[in-house]
Amino acid sequence: MTSKIWGGRFQGATDAVLEAINVSIDFDKRLGAQDIRGSLAHVAMLADRGIVSTSDAEQIKQGLLQIQKEIESGTFQFSREFEDIHMNVETRLATLIGPVAGRLHTARSRNDQVATDFRLYIRDEIDILDRQLADLQLALAERAVEEAGSVMPGFTHLQSAQPVTLGHHLLAYVEMIGRDRGRFHDARKRANECPLGAAALAGTSFPIDRHQTAKTLAFDRPTANSLDSVSDRDFVLETLAAAAICITHLSRFAEEIVLWTTPQFAFISLSDKFTTGSSIMPQKRNPDAAELVRGKSGRIIGALTALLVVMKGLPLAYSKDMQEDKEGAFDALDNLALCVAALAGMVRDMKIDRKRLKLAAGAGYATATDLADWLVQRLNLPFREAHHITGRVVAVAEARGVGLEELSLQELQDVEPRITDELFAVLGVDNSVASRTSYGGAAPDNVRAAAQSWLNCLKAIN
């Protein structure tokens, strides 16, 4: 007869290959803290409902607290023989307090147990990530205040488009990360229902109080359907979807850091803290931290895709396939946290070359739109006509190899006779940026106000 805890009807030993594919303790041991919390809430409820005696519940509680100390101190002996974190804890509990340990599993299953543990874990991780993301926003907003008036090129198609400021550029990521935090908040809210007591799939005949365990574990409510409780992992999928969108934002910023640190751009530099050298080229300073943030996006997005594929064909309720829900999620959330910390460090570390930024801001006829706007506002031309005239002016400047502001008034009037010397006031990059006063625009005063508003909000959180 097998010695497995579930092996009452089994006579022979399992094959070594099944042992290898079935075991999950190597990765789900990190749910130890959550497993203890869930078990403590469960046994307290069993005692309150008279399902187990007060003395048995106290023995179980003390045993669980001892196991908790062992896990926290790193002395707990995890064993592959017992498959997963749940059986490892229960086996150790039996060693500590004897047969009474068997009463802990009354009115629950590993199905609702793991769903509860995983929801607790996801909730904990979202809370940690939210604090980290808020710190990254803080770092960006602080630099945005400093660089509110630092003119730089704004790009479309990675071509110079219109001048903006570095502060305005950094605040774009503050906004993106704010939405990322909102998605994580939404995911947490929907994850915050307690499956404990759903048992294997159909609930239980014991007179349990699921509202009590939900409250004890700080869930908003118990899950409403026992089948749904154990069979879905949308709370993981939604969290991974938020993580995938978030790392996409972070990867875009990391790519810009990589570009900006090249000699061709030379907008910023990073210190030794966030760069490495080459094994063959002594002159190299490589932005490896940024490149790795960019690279790790693949595994985080991949974790979402993998779990979607696992779940897409599963009939209700629980299937062993769902054991594959954890490794990818653990890895994705660990690496997202690492990427957020790395970017916050780089934002605070980067040294900015404001002269280089301003020089680049004027390249590529970036104030052409300002010329077109002036024609509309001062000469009352339709914008499409002004656009056409401006294109002809750009062609003249391009043929001469000069900037728009270097053309003479006569050259401008040869294209459009009604142009006056007032036009030169809008052709400089500083004037261009200062004119963008519409709500959300790049004018330095706008940027300072927006950055300060974010700082007030973020400092209130911290």
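Our subject is the structure that appears above.
Nothing here was measured: the structure is a model prediction, and the numbers come from that model.

As for the packing of helix α6 (residues 110–146) against helix α7 (residues 166–191)
Stage number 1. It is the contact of α6 with α7, at a shortest axis distance of 9 Å, that shows an interaxial angle of 165°. The orientation of α6 relative to α7 falls into the category roughly antiparallel. With respect to the hand of their crossing, α6 and α7 are arranged in left-handed fashion.
Stage number 2. The residue makeup of the contact of α6 with α7, split by class, is 16 nonpolar, 4 polar and 8 charged.

So, the pairing of strand β2 (residues 159–165)
Stage number 1. Where strand β1 (residues 151–156) meets β2, 6 bridges bridge the pair, whose relative direction is antiparallel. Within β2, the position partnered with Phe155 by the bridge is Ser160.

A closer look at the pattern of salt bridges
Stage number 1. A full pass over the atoms with the stated rule returns 27 salt bridges.
Stage number 2. With a shortest N-O distance of 2.6 Å, Arg233 and Asp325 are connected by a salt bridge. Taken together, the positions of Arg233 in the loop between α9 (226–231) and α10 (234–260) and Asp325 in the loop between α11 (288–311) and α12 (327–349) put the pair 92 residues apart, joining distant regions of the chain.
Stage number 3. The class for Asp325 is buried, based on a relative accessible area of 2%.
Stage number 4. Between Asp445 and Arg448 there is a salt bridge, with the nearest N and O atoms lying 3.1 Å from each other. Residue Asp445 and its partner Arg448 are both found in helix α19 (residues 444–461); the two are separated by 3 residues, about one turn of the helix.
Stage number 5. We classify Arg448 as partly exposed; its relative accessible area is 40%.
Stage number 6. In this structure, a network of salt bridges that share partners links the residues Glu83, Asp84 and Arg110.

Looking at the nonpolar core
Stage number 1. Counting 102 residues, the largest nonpolar core has Leu250 and Leu336 as its most contacted members.
Stage number 2. Leu371, Leu407, Leu423 and Leu427 belong to the second largest nonpolar core, which has 20 residues in total.

Things to note about α10
Stage number 1. Here α10 contains 27 residues, and its C-alpha end-to-end distance of 39 Å stays within 8% of the 39 Å for a straight helix at 1.5 Å per residue.
Stage number 2. With 19 of 27 residues buried, α10 lies mostly within the body of the structure.

What about a nonpolar patch on the surface?
Stage number 1. Residues Leu201, Leu227 and Leu316 make up a contiguous nonpolar surface patch of about 270 Å² in total accessible area.
Stage number 2. Relative to the helices and strands, Leu227 is located in helix α9.

Some thoughts on the environment of Ser453
Stage number 1. Locating Ser453 in the fold gives a position in helix α19.
Stage number 2. Residues Ser453 and Arg143, 310 residues apart in the sequence, show an inter-C-alpha distance of 14 Å.

Comments concerning unusual backbone geometry
Working note: non-glycine residues mostly have negative phi, and peptide bonds are mostly trans.
Stage number 1. The linkage connecting Leu316 with the following residue, Ala317, adopts the cis geometry, with an omega of 10°.
Stage number 2. Here Ala317 is to be found in the loop between α11 and α12.
Stage number 3. With phi around 55°, Ala266 is a residue other than glycine that occupies positive phi space.
Stage number 4. Within the secondary structure layout, Ala266 lies in the loop between α10 and β5 (268–269).

Quick look at the side chain of Asp349
Stage number 1. If you trace the backbone, Asp349 turns up in helix α12.
Stage number 2. It turns out Asp349 is buried and unbridged, and the closest side chain with the opposite charge, Lys273, is 4.9 Å from it.
Stage number 3. Within the structure, Asp349 has its side chain in polar contact with the side chain of Ser271 (distance 2.7 Å).
Stage number 4. Those residues in contact with Asp349, other than ones at most four positions away along the chain, are Ser269, Leu270, Ser271, Lys273 and Phe274.

Considering helix α13 (residues 354–361)
Stage number 1. Every buried residue belonging to α13 is among Leu357, Ala360 and Ala361, and all of these are buried. With its buried residues spanning 105° around the axis, α13 presents them on a single face. Turned more than 90 degrees away from the buried face of α13, the exposed residues are Lys355 and Leu359.
Stage number 2. In the core, the buried residues of α13 are packed alongside β1, β2, α7, β6 (351–352) and α18 (429–434).
Stage number 3. The residue sitting at the N-terminus of α13 and contributing the capping side-chain oxygen is Asp353; that oxygen lies 3.3 Å from the backbone nitrogen of Lys355.

Conventions and cut-offs
- Residues numbered from 1 in each chain as written.
- Predicted model: local features only at pLDDT ≥ 70, side-chain atom pairs only at ≥ 80, totals over all residues.
- Heavy atoms only, no water.
- Axes fitted to C-alpha atoms, helices over the stretch in contact; angles between N-to-C directions.
- Helix = DSSP H or I, 4+ residues; strand = E, 2+ residues; numbered from the N terminus.
- Parallel < 35°, antiparallel > 145°, perpendicular 65-115°, else oblique.
- Left-handed = near helix turned anticlockwise from the far one by under 90°.
- Nonpolar A, V, L, I, M, F, W, Y, C, P; charged D, E, K, R; others polar.
- Pairing = 2+ DSSP bridges.
- Salt bridge = Lys/Arg side-chain N within 4 Å of Asp/Glu carboxyl O.
- Buried < 20%, exposed > 50% of the residue type's maximum accessible area, 1.4 Å probe, protein only.
- Core = buried A, V, L, I, M, F, W, Y, C linked by side-chain atoms within 4.5 Å.
- Expected span 1.5 Å × (residues − 1).
- Patch = residues over 30% accessible without salt bridge, like charges linked within 9 Å, V, L, I, M, F, W, Y side chains within 5 Å.
- Areas by Shrake-Rupley, 256 points an atom, 1.4 Å probe, with all protein chains shown as cover.
- Lys, Arg positive; Asp, Glu negative; His and termini not counted.
- Polar contact = N/O pair within 3.5 Å; in protein donor to acceptor, adjacent residues only side chain to side chain.
- Contact = heavy atoms within 4.5 Å.
- Arc of directions from axis to C-beta.

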